[in-house]
Amino acid sequence: MILKKIILLIVFFPVYILAQEPKLKEEVQKIIETEKAFAKASTEKGTKVAFQEFLAKESIIFDKNMPVNGSEFWQNTDFKGILDWQLSTVEIAGSGDLAYTTGNWQHHNETISDKPAVSGSFLSLWKKQNDGTWKVALDVGITQPSMAIGNITESYPTFKPAELKNQVVLAERMVFMNDHFYWKNAKTSLNPFEPHLSQNIKLFRKDQKPILGKENAKMFLKKSYDKSIV
């Protein structure tokens, strides 16, 4: 009976994934359209109005490097100028209810035709709402291009967490342990972040052009990682 269940799982799991693909592609298209509508609203209705319309009530943004409620911030802020941006990346979770977008932004002092006073890149986390629409749950932006990054040479033994052999352990425990080992060894390891980087990582740092891919991210972090941050 157990063997039969395993075989059924192997057979039906790929079919389930294939069945999900059209739906996920449809949701990705919705996100693209929503992101473009968001940017258009910023230039036509005003940036403050656009953010109040497209941010979720529980959204998070960063003000002076601190996380704050995005809806409350944009409701109370006296924003000057206009933000304009262009989408470059969108990726959706297999669950179909979370996605992220990245792209470039420009801040114009008065009108969209003005030369940008500041430019940069953004990363937005989108969450599907109960009514089927998409709202921004987290919004982060950086300025770029960057100032030159100084060379910092470090030499520490590389830390790699041991393989988890007990497959029954909950995913939450795996995440907690990885995070625990990461911070525990952050000050003494050559590259504590290596086990946590995906192959397609996009690394955002203030005044630095986005760093794309695991190898580029590893090289950058080895030079610039601040071990005093815990």
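Residues numbered from 1 in each chain as written. Predicted model: local features only at pLDDT ≥ 70, side-chain atom pairs only at ≥ 80, totals over all residues. Heavy atoms only, no water.

Trainee: Give me the lowdown on the overall build of the chain, citing residues and values where you can.
Mentor: The helix and strand inventory of the chain stands at five helices and eight strands. Helices and strands in the chain line up, N terminus first, as α-α-β-β-α-β-β-β-β-α-β-β-α. Relative to its 230 residues, the chain shows a buried fraction of 32%. For the chain, restricting intrachain contacts to residue pairs at least 6 apart in sequence, the fraction spanning at least 24 positions comes to 55%. (Helix = DSSP H or I, 4+ residues; strand = E, 2+ residues; numbered from the N terminus. Buried < 20%, exposed > 50% of the residue type's maximum accessible area, 1.4 Å probe, protein only. Contact = heavy atoms within 4.5 Å.)

Trainee: So what's going on with the packing of aromatic side chains? Which residues, and what values?
Mentor: Inspection of the entire model under this criterion finds eight aromatic pairs. Ring geometry for Phe51 versus Trp85: centroids 5.9 Å apart, planes at 55 degrees, classification tilted. Of the two residues, Phe51 sits in helix H2 (residues 47–54) while Trp85 sits in strand E3 (residues 82–92), which places them 34 residues apart along the sequence. By relative accessible area, Trp85 is classed as buried at 9%. Ring pairs connect the aromatic residues Phe38, Phe51, Phe54, Phe73, Trp74, Phe79, Trp85 and Trp126, which therefore count as one cluster. (Phe/Tyr/Trp six-rings, centres within 6.5 Å; stacked < 30°, edge-to-face > 60°.)

Trainee: So, the nonpolar core: which residues are in play, and what are the values?
Mentor: Core analysis: the biggest nonpolar cluster contains 22 residues, and Phe38, Phe51, Leu55, Trp85 and Ile92 have the highest contact counts within it. Broken down by secondary-structure element, the contributors of at least two residues to this core are helix H1 (2–44), H2, strand E1 (55–63), E3, strand E4 (98–108), strand E5 (118–128) and strand E6 (134–143). Ranked by the residues each element gives to this core, the list is headed by H1, at seven residues. In this structure, Phe38 is in contact with Ala50, Phe51, Phe54, Leu55, Trp85, Trp126 and Val136, ignoring residues within four places of it in sequence. Counting nine residues, the second largest nonpolar core, distinct from the first, contains Phe193, Ile201, Leu203 and Tyr225. (Core = buried A, V, L, I, M, F, W, Y, C linked by side-chain atoms within 4.5 Å.)

Trainee: A description of unusual backbone geometry should follow, citing residues and the corresponding values.
Mentor: Of note in the backbone geometry, Asn65 takes a positive phi value of approximately 70 degrees without being a glycine. Positionally, Asn65 belongs in the loop between E1 and strand E2 (66–69). Taking the relative accessible area as the measure of exposure, Asn65 reaches 69% and is therefore exposed. Despite not being glycine, Asp207 shows a phi value in the positive range, around 60 degrees. As for its placement among the helices and strands, Asp207 is situated in the loop between strand E7 (202–205) and strand E8 (208–212).

Trainee: An account of the pattern of salt bridges is needed here, citing residue identities and associated values.
Mentor: Counted according to the given criterion, the structure contains seven salt bridges. Of the charged contacts, one joins Lys127 and Glu58 as a salt bridge, the two residues approaching to 3.9 Å between their closest N and O atoms. Note that Lys127 is positioned in strand E5 and Glu58 in strand E1, a separation of 69 residues in sequence. Judged by relative accessible area, Lys127 falls into the partly exposed class, the value being 36%. Across the pair Glu215 and Lys218 runs a salt bridge, and its minimum N-O distance is 3.5 Å. In this pair, Glu215 and Lys218 both sit in helix H5 (residues 214–224), three residues apart, roughly one turn of the helix. Residue classification places Lys218 among the buried residues on the basis of a relative accessible area of 13%. Three or more residues are tied together by salt bridges with common partners; here these are Lys23, Glu27, Lys30 and Lys128. (Salt bridge = Lys/Arg side-chain N within 4 Å of Asp/Glu carboxyl O.)

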